[in-house]
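Examining the three-dimensional arrangement
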Amino acid sequence: MSRATRAVIDLAALRHNLQISRQAAPNSKQMAIIKAHAYGHGMVRIAQALDEADAFGVAIIEEAIPLREAGISKPILLLEGFNSKQDLNLIRGYKLDCVIHHESQLKILESIEGDPIKVWLKIDSGMHRLGFSPDIANEVYQRLLKCPSVSQPISLMTHLSNADDLADDFTEQQIRTFNEAIGFKNSSNEEIDCSIANSAGIMGWPSSHADWVRPGIMLYGVSPFISQATKQYDLKPVMTLKSELIAVNQYKKGDRIGYGGTWACPEDMPVGVVAIGYGDGYPRHAPSGTPVLVKDRPCQLVGRVSMDMLTIDLRHCSDAKPGDEVILWGKGLPIEKIADLSGTIAYELLCGVTNRVAFEYQDK
Ligand SMILES: *Cc1c(COP(=O)(O)O)cnc(C)c1O
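Residues numbered from 1 in each chain as written. Predicted model: local features only at pLDDT ≥ 70, side-chain atom pairs only at ≥ 80, totals over all residues. Heavy atoms only, no water.

1. Examining the overall build of the chain
Put simply, the test is: A run of H or I in DSSP counts as a helix once it spans at least four residues, and a run of E counts as a strand once it spans at least two, with each numbered from the N terminus. Type-normalised accessible area, obtained with a 1.4 Å probe on protein chains alone, sets the label of each residue: buried when under 20%, exposed when over 50%, and partly exposed for intermediate values. Should any heavy atoms of two residues lie within 4.5 Å, those residues are considered in contact. Note that accessible areas follow from Shrake-Rupley with a 1.4 Å probe, and for residues the cover is restricted to the protein chains shown. His is not counted here, nor are the chain ends, while Lys and Arg score as positive and Asp and Glu score as negative. Where a charge sits is defined by one atom per residue type, namely NZ (Lys), CZ (Arg), CG (Asp) or CD (Glu).
A count of helical and extended segments in the chain gives eleven helices and 18 strands. When its C-alpha atoms are laid out on the principal axes, the chain stretches across 75 × 45 × 40 Å. Taking all 364 residues of the chain together, the buried fraction comes to 51%. A sequence separation of at least 24 residues applies to 63% of the contacts in the chain between residues at least 6 apart. Accessible surface computed for the chain: about 16,200 Å², of which carbon and sulfur atoms make up 49%. Averaging the coordinates of the 37 positive side-chain charges in the chain and doing the same for the 44 negative ones gives two points 5 Å apart.

2. Describing unusual backbone geometry
Following Q152, the chain continues into P153 via a peptide bond in cis, with omega recorded as 0 degrees. Among the secondary structure elements, P153 is positioned in the loop between helix 7 (137-145) and strand 7 (155-157). Phi angles above zero are rare outside glycine, and A36 is one such case at about 50 degrees. Position of A36 among the secondary structure elements: in helix 2 (residues 35-40). Residue A36 is classed as partly exposed on the basis of its relative accessible area, which comes to 29%. At H37, a residue that is not glycine, the phi angle is positive and equals roughly 55 degrees.

3. Focus: the nonpolar core
The condition that has to hold: To form a nonpolar core, buried Ala, Val, Leu, Ile, Met, Phe, Trp, Tyr and Cys residues must be joined to one another through side-chain atoms within 4.5 Å. Here the bounds of each domain stem from an automatic or database domain assignment.
The biggest cluster of nonpolar side chains holds 115 residues, and the ones touching the most others in it are I34, L50, Y282, V294 and W329. Take this core: its biggest share by element is five residues, from helix 1 (residues 11-24). Split by domain, the residues of this core number at least three in each of domain 1 (11-222) and domain 2 (239-362). Aside from chain neighbours lying at most four places away, what touches Y282 is I276, G277, T290, L301, V305, L310, L328, W329 and I338. Residues W263, C265, V271 and V302 belong to the second largest nonpolar core, which totals six residues.

4. Here we look at the pattern of salt bridges
As a reminder of what qualifies: When a carboxyl oxygen of Asp or Glu lies within 4 Å of a side-chain nitrogen of Lys or Arg, that pair is called a salt bridge.
On inspection of all chains with the given rule, the structure shows 20 salt bridges. In this structure, R15 engages D363 in a salt bridge whose closest nitrogen and oxygen atoms are separated by 2.4 Å. A residue pair is termed long-range when its members are at least 10 positions apart, and R15 in helix 1 and D363 in the segment after strand 18 (358-362) qualify at 348 residues. With a relative accessible area of 27%, R15 lands in the partly exposed category. A salt bridge links K29 to D193; its shortest N-O distance comes to 3.6 Å.

5. Comments concerning the domain arrangement of the chain
Defined as follows: Counted as a polar contact is a pair of N or O atoms within 3.5 Å, where, for protein atoms, one must be capable of donating a hydrogen and the other of accepting one, and residues adjacent in sequence contribute only when both atoms are in side chains.
Looking at the chain, the domain boundaries give domain 1 (11-222) and domain 2 (239-362). Between the C-alpha centres of domain 1 and domain 2 the distance comes to 38 Å. In this complex, domain 1 contributes twelve residues to the contact, which on the side of domain 2 involves ten residues. Across the contact surface, domain 1 and domain 2 share zero salt bridges. Put simply, domain 1 and domain 2 have two residue pairs in polar contact (both at pLDDT 80 or more) between them. At the level of elements, helix 1 and helix 2 are the ones that each hand at least two residues to the side of domain 1 that touches domain 2. Take the side of domain 1 that touches domain 2: its biggest share by element is three residues, from helix 2.

So this is what it looks like as structure tokens:
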């Protein structure tokens, strides 16, 4: 019998979440961000389901190629651009668009000829990770205009660093910095597209919407904000991580459970063993007390998470038996809660589901 541990991916919820992004930013085009295996959901399947998106964004060439090979023909933007001259052959061959964020990339573009490539010039409005300084944005733009290997119009973008905190006015400052840096756009004859917003920008900062928005985490049904429930925004969780009980054992008051014996039974009680662990991507740092659902009833993790298993307190589900379903996150149990208790963010948990877990795609 195969292991019951699986990630059920709800493609209808995914499409619903894209609609939420469209409703929030109705005048912007939607570049669905599907890097890192679509945040762990399976990149090609997610791209195929998102045929309403206007373009896709991935981090690296190795992510873009399988999309083209699967027949995805929409624009695909490489959010980190290219690293070497050799990459440009692949970029041309697969018709990929490129972020240009560094002088080293610009020098390569200035040194080549051949079919023009679509580029997005990235300006650093305050995140201080990738991008050209705002004071040289116009100068870089003019250099790109002169490159025969660059197609026109050139698009412009930046990335927000603090938009997940609605109380932090640094976001307004970044938007201002970007808009000032691209002032030259008004004197151009070309229609120049601009993009600022990630999910948090889309949902929380209307002045960041511009021509294109770049929804990532919200497509997967996760709130982009540090302190708000998903429900308020009507996002639906896309991944439900499930497994089942493989043992139910009765222990005595004082018996210690699992590695290190970190948790002791406060009374005689049933403890369930679930067939999932950190080898599947469930966070090892989830503490005793982290919620799980057994047959849709709330129960709690006890003791340390092992590689292949974890243990749960079954006092609230005393009729549970091996084979019963356990939900670790997803429908009825927000992943944000599990991430919070484990000292991380939902992005990391989603990306961390390992390929030992079977993926099952549902489309209603
Ligand atoms: C990952 C990424 C996004 C999406 O961010 P979310 O917070 O997941 O919405 C948007 N833009 C860029 C440049 C990114 O790298």
